[in-house]
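Read off the chains here:
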2 protein chains.
Amino acid sequence: MSKCEQCISRQLNSMKTLTTEELRQVSACKSTRFYKKGDVIFDEGESLNGIFCVRSGVAKLTKLSANGKDHTVKLLGKGELLGQRSVISDERTNLSAVAINDIELCYVPKDQLLTHIQGNNAFSLDILRNLATDLRGAEDDLINMAQKSVKQRLTEVLIYVQNTFGHDSEGYLSLVLSREEYASIVGTATESAIRILSQFKKDGLISTTGKQIKIENLEGLKRIG
Amino acid sequence: MSKCEQCISRQLNSMKTLTTEELRQVSACKSTRFYKKGDVIFDEGESLNGIFCVRSGVAKLTKLSANGKDHTVKLLGKGELLGQRSVISDERTNLSAVAINDIELCYVPKDQLLTHIQGNNAFSLDILRNLATDLRGAEDDLINMAQKSVKQRLTEVLIYVQNTFGHDSEGYLSLVLSREEYASIVGTATESAIRILSQFKKDGLISTTGKQIKIENLEGLKRIG
DNA sequence: TAGAAACTATGATATTTGTCATGTTTTGAT
DNA sequence: ATCAAAACATGACAAATATCATAGTTTCTA
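Quick caveat: nothing in here was measured; it's all calculated off a predicted structure.

A. Main features of the domain arrangement of chain A. All names here are of chain A. In terms of domain boundaries, chain A breaks down into domain 1 (4-145) and domain 2 (148-224). On a C-alpha basis, the centres of domain 1 and domain 2 stand 26 Å from each other. Of the roughly 1100 Å² buried between domain 1 and domain 2, counting both surfaces, carbon and sulfur atoms make up 53%. Its largest share of buried area at the contact with domain 2, domain 1 owes to Leu75, Asn144 and Met145, together 45% of the area lost on that side. If you look at where domain 1 meets domain 2, you find 1 salt bridge. In this structure, Glu181 and Lys60 form a salt bridge, with 3.3 Å as the shortest nitrogen-oxygen distance. Inspection of the region where domain 1 meets domain 2 yields 6 residue pairs in polar contact (both at pLDDT 80 or more). Elements supplying a minimum of two residues to the side of domain 1 that touches domain 2: strand 5 (70-76) and helix 4 (121-147). The biggest single contributor to the side of domain 1 that touches domain 2 is strand 5, with 4 residues.

Here it is as structure tokens:
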């Protein structure tokens, strides 16, 4: 099995502050897990005994609402950690994690995380900073949700997906999401998301080939947000 | 000036994990500040050189939107800390803090906070847990905003205000907010908030005397949320 | 305590968004 | 390659919410 010491993802999160010896310990007890598109990694209300680090693929954090739909709170790509919040505050998860495409995760047991938080101040400080940043992001999202229209929010998500996950040589967004998934992120009805994307096509802001989306006029989109 | 060692508010936040000696240090360099209703404690985009701890009164964190209205993200009462997020991640604030009524705050310089985070593991772990809890709260709020109606959100805010800040002997909510402030918390137009509260009155769920609000039928309200 | 300013109230109307229905296209498994 | 399932598309309509206008009430201050 591959070792944490050589893992590139590590550079992207708090693990980068661990010492060689600490990394060796993590490496020794971590396990790698594979999930297919649509697989549930953990469910809302579960107690986690460890955290997950994304090696490849993309996951989403979602919450089921009263009316049966679910809302996507966050997308997570390479290097990002799942479940650290629940493990740190020792609560059950308030969100489910689902694989958006085939995904490879490293699972690190809870006690490893907690031990190094206790023992390595740089590590805990880095996690502290990450949480602070996440919190700021959540506040910003909340305000967006409260103050912006569905069209504006969808625009921002398109730009975010391009910036975060990139596009292929032809310009199509590398991360392919269904209209339903876009709706779940934006917090609207699937039909509304479809309608707005159709309008964007007519306006020449985007083009599509099946589920694939290509941003044709980034500046035009930005003008909406 | 009063000392931190005897401060009751301390019990309510991470300061409770500081040692006697650490508390003495904090106490030695803290200052107490008074603000009147409506005063700005700090502004969106400011760099903070310290954090604030609420001794008495209530503050709100708000963000100005493009259309000139502002959205209230959080209310803060006795013992709660303002600005810790910005100080920890060493970023400018993304929110403004405003006094909702006359308020007394303790100001603790940044370096005190950071020194004790570095030096006292229990302290930094407690702040970590608090941030994790705040993050969960922000995620829950985001989902509420996305999935619930204005009426449901307003109901929840009324119940929250009663549970958090209590009511007087006659049952009126101790924290008096204008309809505009309720609208800003809920994320709606002031007229919508007024209309819904009027409806609640007609339905016997609440009663009002001027700006004062009294919950008459808690169960009825809960049935809406 | 009078008067101004702020706040509350409510109607009329416009806009945004959601829901339901129905048909077409794309995708993926055999 | 074919077929069923999933996803996309669009119209018609309903519901929720915002906006504008206007008037009454409360609060605060001089």
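B. Looking closely at the protein's contact with DNA strand C. The immediate surroundings of DNA strand C are formed by 18 residues, with Thr188, Ser192 and Arg195 of chain A together with Arg179 and Lys201 of chain B found nearest. At the protein interface, 61% of the atoms of DNA strand C within 4 Å belong to sugar or phosphate. Note that a base nitrogen of DNA strand C is positioned 3.4 Å from one of the side-chain N or O atoms of Glu191 of chain A. Counting residues per element, the ones that place at least two in the surface near DNA strand C are helix 7 (190-202) of chain A together with helix 7 (190-202) of chain B. Sorting elements by how many residues they give to the surface near DNA strand C places helix 7 of chain B first, with 5 residues. The residue inventory of the surface near DNA strand C, partitioned by class, reads 3 nonpolar, 6 polar and 9 charged.

C. Just the protein's contact with DNA strand D, in detail. Among the 19 residues in the neighbourhood of DNA strand D, the closest are listed as Arg179 and Lys201 of chain A together with Thr188, Ser192 and Arg195 of chain B. Lys201 of chain A is positioned with one of its side-chain polar atoms (N or O) 2.7 Å from a phosphate oxygen of DNA strand D. One nitrogen or oxygen atom from the main chain of Val150 of chain B is found 3.0 Å from a phosphate oxygen belonging to DNA strand D. Mapped by element, the contributors of at least two residues to the surface near DNA strand D are helix 6 (179-186) and helix 7 of chain A together with helix 7 of chain B. Looking at the surface near DNA strand D element by element, the count peaks at 5 residues for helix 7 of chain A. Taken together, the residues of the surface near DNA strand D sort by class into 3 nonpolar, 6 polar and 10 charged.

D. Looking closely at the UniProt feature "domain: Cyclic nucleotide-binding" (unreviewed entry) in chain A. Mapped onto the present numbering, the UniProt feature "domain: Cyclic nucleotide-binding" (unreviewed entry) falls at residues 14-113 of chain A. Along residues 14-113 of chain A, the helical share is 20% and the strand share 41%, with 11 Å between the first and last C-alpha atoms.

E. Broad picture of the pattern of salt bridges. Residues and elements named next belong to chain B. Under the definition given, this model contains 23 salt bridges over all chains. Across the pair Lys16 and Asp126 runs a salt bridge whose closest N-O atoms are separated by 3.5 Å. Placement of the pair is Lys16 in the segment before helix 1 (20-29) and Asp126 in helix 4 (residues 121-147), with a sequence separation of 110 residues. On the basis of relative accessible area, Asp126 is assigned to the buried category, the value being 12%. In this structure, Lys110 and Asp90 form a salt bridge, with 3.0 Å as the shortest nitrogen-oxygen distance. On the criterion of sequence distance, the pair formed by Lys110 in helix 3 (residues 110-119) and Asp90 in the loop between helix 2 (84-89) and strand 7 (96-99) is long-range, its members being 20 residues apart.

F. Main features of the packing of aromatic side chains. All names here are of chain A. Inspection of every chain in the model, using the stated rule, returns 6 aromatic pairs over all chains. One aromatic cluster is present, built from ring pairs that chain together Phe42, Phe52 and Tyr107. A cation sits over an aromatic face here: Arg33 above Tyr107, 4.1 Å from the ring centre.

G. Here's a closer look at the sheet that holds strand 3 (residues 50-56) of chain A. All names here are of chain A. Strand order in the open sheet formed by 4 strands is 1-8-3-6, with antiparallel pairing between adjacent strands. Strands with a single pairing partner mark the edges of an open sheet, and in this sheet they are strand 1 (31-35) and strand 6 (81-82). Pairing analysis gives 5 bridges linking strand 1 to strand 8 (residues 103-109), with the strands arranged antiparallel. Residue Phe34 lies in a different strand from strand 8, and its bridge partner there is Glu104. Contacts from helix 3 (residues 110-119) reach strand 3 and strand 8, with the element oriented near 60° to strand 8.

H. Expanded view of helix 5 (residues 150-165) of chain B. Residue and element names in this part refer to chain B. In this model, helix 5 (16 residues) spans 22 Å end to end at C-alpha, consistent with the 22 Å of a helix rising 1.5 Å per residue. Listed in full, the buried residues belonging to helix 5 are Arg153, Leu154, Thr155, Val157, Leu158, Ile159, Val161, Gln162 and Phe165. Remark: Gly166 follows helix 5 within two positions and exhibits a positive phi of approximately 80°.

I. The nonpolar core, seen in detail. Ranked by internal contacts, the top residues of the largest apolar core, which has 84 residues, are Ile41 and Leu82 of chain A together with Ile41 and Leu82 of chain B. In this structure Leu82 of chain B touches Ile41, Phe42, Ile51, Phe52, Val54, Ala59, Leu61, Leu76, Ala97 and Leu105 of chain B, once residues within four positions along its chain are discounted.

J. The interface of chain A and chain B, seen in detail. With 36 residues of chain A at the interface, the matching set in chain B holds 37 residues. One salt bridge in this structure joins Arg136 of chain B and Glu91 of chain A, with 3.7 Å as the shortest N-O distance. Across the chain A-chain B interface, the total number found is 13 residue pairs in polar contact (both at pLDDT 80 or more). Mapped by element, the contributors of at least two residues to the side of chain A that touches chain B are strand 5, helix 2 (84-89), helix 3 and helix 4 of chain A. Examining the composition of the side of chain A that touches chain B, we find that 21 residues originate from one element, helix 4 of chain A, more than from any other. Residue composition of the side of chain A that touches chain B, by class: 15 nonpolar, 9 polar and 12 charged.

The rules we used
- Numbers given for residues are sequential positions, taken from 1 along each chain in its written order.
- For naming, the first written chain is A and the first written ligand is 1, with later ones following in the order written.
- Only residues with pLDDT of at least 70 get local features here, since the model is predicted, and only at 80 or more are side-chain atom pairs given and counted; chain-wide, interface and lining totals rely on the full set of residues.
- Working from all heavy atoms in the structure, the side-chain values ignore hydrogens and water.
- These domain boundaries are the output of an automatic or database domain assignment.
- Here the quantity called buried area is the total loss of accessible area, with a 1.4 Å probe, experienced by two parts when brought into contact, counted for both.
- Every case where a carboxyl oxygen of Asp or Glu lies within 4 Å of a side-chain nitrogen of Lys or Arg is listed as a salt bridge.
- Polar contacts, as used here, are pairs of N or O atoms within 3.5 Å; protein pairs need one atom able to donate a hydrogen and one able to accept it. Residues neighboring in sequence count only if both atoms are side-chain atoms.
- What counts as a helix is a DSSP run of H or I of at least four residues, what counts as a strand is a run of E of at least two, and both are numbered from the N terminus.
- Whether a residue is near a molecule or strand is decided by its heavy atoms; if any one of them lies within 4 Å of it, the residue is near.
- Each residue gets one label: Ala, Val, Leu, Ile, Met, Phe, Trp, Tyr, Cys and Pro are nonpolar, Asp, Glu, Lys and Arg are charged, and the others, such as Gly, are polar.
- UniProt positions are given in the numbering used here, feature names are shortened, and annotations may be inferred rather than shown by experiment.
- Think of it in three bands: residues with accessible area under 20% of the maximum for their type are buried, residues over 50% are exposed, and the middle band is partly exposed, with areas taken using a 1.4 Å probe on protein chains only.
- Geometry of aromatic contacts follows a simple scheme: Phe, Tyr and Trp rings, the Trp one being its six-membered ring, pair when their centres are within 6.5 Å, and the pair is stacked under 30 degrees between planes, edge-to-face over 60, tilted otherwise.
- Charge-over-ring contacts are defined here by two conditions on Lys NZ or Arg CZ: a distance within 6 Å of the ring centre and an angle within 35 degrees of the ring normal.
- By this definition, two strands are paired if DSSP reports at least two bridges between them.
- We call two residues contacting when some pair of their heavy atoms lies within 4.5 Å.
- Lines fitted to the C-alpha atoms define the axes, with helices restricted to the stretch that makes contact. Angles between their N-to-C directions range from 0 to 180 degrees.
- A helix is expected to span 1.5 Å multiplied by its residue count minus one.
- In this description, a nonpolar core means a group of buried Ala, Val, Leu, Ile, Met, Phe, Trp, Tyr and Cys residues linked to one another through side-chain atoms lying within 4.5 Å.

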